[in-house]
Amino acid sequence: DTGVSQDPRHKITKRGQNVTFRCDPISEHNRLYWYRQTLGQGPEFLTYFQNEAQLEKSRLLSDRFSAERPKGSFSTLEIQRTEQGDSAMYLCASSFQGGTEAFFGQGTRLTVV
Amino acid sequence: DQQVKQNSPSLSVQEGRISILNCDYTNSMFDYFLWYKKYPAEGPTFLISISSIKDKNEDGRFTVFLNKSAKHLSLHIVPSQPGDSAVYFCAASAFSSAGNMLTFGGGTRLMVKP
């Protein structure tokens, strides 16, 4: 297992376009998290899945954001009608249920121009 | 409301000396604390953790101390090496709650000079 994998690593998009990111967690992990990190800040929790169920969403996750984990394996995060304020590093992490550490992917850096 | 704070945005130490990174938290429900290390253009990498039932955890050159009454934890790196230069994030979770989401501090950039 190569760890948590995210694709793409970088995305530049024009304001108003939709973007989709993918995360492949560590295969044995049933929990998957999305975080967002802006410059000079720590990662902020967006949402998490246990298997295919999305169990919690942060108030940071506006209605332009949607996440799925259809078969309890990989996950996608879509941002519709992107805004410049969406520019950030989007991080995916996974863990065992009841596990104490979350393992992060390398992130997708989004730039909205 | 920032529940986890790292008040020093940067720290510079000489190679071979001790690095001490500090973190304060406000939420009494936090019962598990972690330190992550982050290089530029990479995701955070887990470094060391501590449960609230302990006051110290050691792993090689890295030791984390927890003072629950002060709601304060610190990471000690000794001896510091140039490869330790990175941004260090303190994170906390309420492990007993569903989800075990992490709340991060703003990070401290450590620079270890040869």
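The preceding data block contains the structure.
None of these values were measured; they are calculated from a predicted model. (Residues numbered from 1 in each chain as written. Chains lettered and ligands numbered in written order. Predicted model: local features only at pLDDT ≥ 70, side-chain atom pairs only at ≥ 80, totals over all residues. Heavy atoms only, no water.)

## Thoughts on the state of the cysteines
Defined simply, a disulfide is a covalent bond joining two cysteines at their sulfur atoms.
Here comes step 1: The final tally for this structure, using the stated rule, is two disulfides over all chains.
Here comes step 2: The disulfide bridge from Cys23 of chain A ends at Cys92 of chain A, spanning 1.8 Å between sulfur atoms. When the S-S torsion is -70 degrees, as for the bridge of Cys23 of chain A with Cys92 of chain A, the disulfide is left-handed. Of this pair, Cys23 of chain A sits in strand E3 (residues 19-24) while Cys92 of chain A is found in strand E9 (residues 88-95), placing the two residues 69 residues apart along the sequence.
Here comes step 3: Between the sulfur of Cys23 of chain B and that of Cys90 of chain B lies a disulfide, 2.0 Å long from S to S. (Disulfide = S-S within 2.5 Å. Helix = DSSP H or I, 4+ residues; strand = E, 2+ residues; numbered from the N terminus.)

## What to know about the interface of chain B and chain A
Here comes step 1: Listed per partner, the contact involves 20 residues of chain B and 21 residues of chain A.
Here comes step 2: Roughly 1700 Å² of surface becomes buried between chain B and chain A when both sides are summed, with 58% attributable to carbon and sulfur atoms.
Here comes step 3: For the interface between chain B and chain A, the tally reads zero salt bridges.
Here comes step 4: At the surface where chain B touches chain A, the tally comes to five residue pairs in polar contact (both at pLDDT 80 or more).
Here comes step 5: Those elements that place two or more of their residues in the side of chain B that touches chain A are strand E4 (32-38) and strand E5 (45-51) of chain B.
Here comes step 6: Sorting elements by how many residues they give to the side of chain B that touches chain A places E4 of chain B first, with four residues.
Here comes step 7: For the side of chain B that touches chain A, the residue count by class is twelve nonpolar, six polar and two charged. (Contact = heavy atoms within 4.5 Å. Buried area = accessible area lost by both parts, 1.4 Å probe. Salt bridge = Lys/Arg side-chain N within 4 Å of Asp/Glu carboxyl O. Polar contact = N/O pair within 3.5 Å; in protein donor to acceptor, adjacent residues only side chain to side chain. Nonpolar A, V, L, I, M, F, W, Y, C, P; charged D, E, K, R; others polar.)

## Section: the environment of Val112 of chain A
Residue and element names in this part refer to chain A.
Here comes step 1: When you line up the elements, Val112 lands in strand E11 (residues 108-112).
Here comes step 2: Residue classification places Val112 among the buried positions, given a relative accessible area of 5%.
Here comes step 3: With 53 residues separating them in the primary sequence, Val112 and Arg59 have C-alpha atoms 21 Å apart.
Here comes step 4: Filtering out sequence-adjacent residues up to four positions away, Val112 remains in contact with Thr13, Lys14, Arg15, Thr82, Glu83, Gln84, Asp86 and Ser87. (Buried < 20%, exposed > 50% of the residue type's maximum accessible area, 1.4 Å probe, protein only.)

## Re the nonpolar core
Here comes step 1: Counting residues in each nonpolar core, the largest one holds 23 residues, and the members touching the most others are Phe33, Trp35, Leu73, Leu75 and Tyr88 of chain B.
Here comes step 2: Going through the elements one at a time, strand E3 (19-25), E4, E5, strand E7 (62-67), strand E8 (72-77), strand E9 (86-93) and strand E11 (108-113) of chain B are the ones with two or more residues in this core.
Here comes step 3: Within the second largest apolar cluster, 19 residues are counted, among which are Val19, Phe49, Ala67 and Leu110 of chain A. (Core = buried A, V, L, I, M, F, W, Y, C linked by side-chain atoms within 4.5 Å.)

## Section: the pattern of salt bridges
Residues and elements named next belong to chain A.
Here comes step 1: Tallied over the full model, the rule gives five salt bridges over all chains.
Here comes step 2: Two residues, Asp86 and Arg64, come together in a salt bridge whose shortest N-O distance is 2.8 Å. Note that Asp86 is positioned in the loop between strand E8 (75-79) and E9 and Arg64 in the loop between strand E6 (53-57) and strand E7 (65-68), a separation of 22 residues in sequence. In this structure, Asp86 and Arg64 share a single accessibility class: buried.
Here comes step 3: Residues participating in the shared-partner salt-bridge network are Arg64, Glu83 and Asp86.

## Some remarks on the side chain of Arg69 of chain A
All names here are of chain A.
Here comes step 1: With respect to the helices and strands, Arg69 occurs in the loop between E7 and E8.
Here comes step 2: One buried charge, Arg69, has no salt-bridge partner; the nearest side chain with opposite charge is Glu52, at 7.1 Å.
Here comes step 3: Polar side-chain contacts of Arg69 include one of 3.1 Å to the backbone oxygen of Asn51.
Here comes step 4: Among all residues touching Arg69, those that are not within four sequence positions of it are Pro25, His29, Asn30, Arg31, Leu32, Phe49, Gln50, Asn51, Glu52, Phe74 and Ser75. (Lys, Arg positive; Asp, Glu negative; His and termini not counted.)

## Brief notes about the packing of aromatic side chains
Here comes step 1: By the definition in use, this model includes 14 aromatic pairs over all chains.
Here comes step 2: Centroid distance Tyr35 of chain A to Phe104 of chain B: 5.8 Å. Interplanar angle 90 degrees. Geometry classified as edge-to-face. Placement of the pair is Tyr35 of chain A in strand E4 (residues 31-37) and Phe104 of chain B in strand E10 (residues 103-104), with the two residues belonging to separate chains. Both residues of the pair, Tyr35 of chain A and Phe104 of chain B, count as buried.
Here comes step 3: Ring plane angle 85 degrees and centroid distance 5.4 Å describe the contact between Phe104 of chain A and Tyr36 of chain B, whose orientation is recorded as edge-to-face. Taken together, the residues span two chains, with Phe104 of chain A in strand E10 (residues 103-104) and Tyr36 of chain B in strand E4. Both residues of the pair, Phe104 of chain A and Tyr36 of chain B, belong to the buried class.
Here comes step 4: The rings of Tyr33, Tyr35, Phe45, Tyr48 and Phe104 of chain A together with Tyr36, Phe46, Phe89 and Phe104 of chain B are connected pair by pair, giving a single aromatic cluster.
Here comes step 5: Between the NZ or CZ atom of Arg22 of chain A and the centre of the ring of Phe74 of chain A, over which it lies, the distance is 3.9 Å. (Phe/Tyr/Trp six-rings, centres within 6.5 Å; stacked < 30°, edge-to-face > 60°. Lys NZ or Arg CZ within 6 Å of the ring centre and 35° of its normal.)

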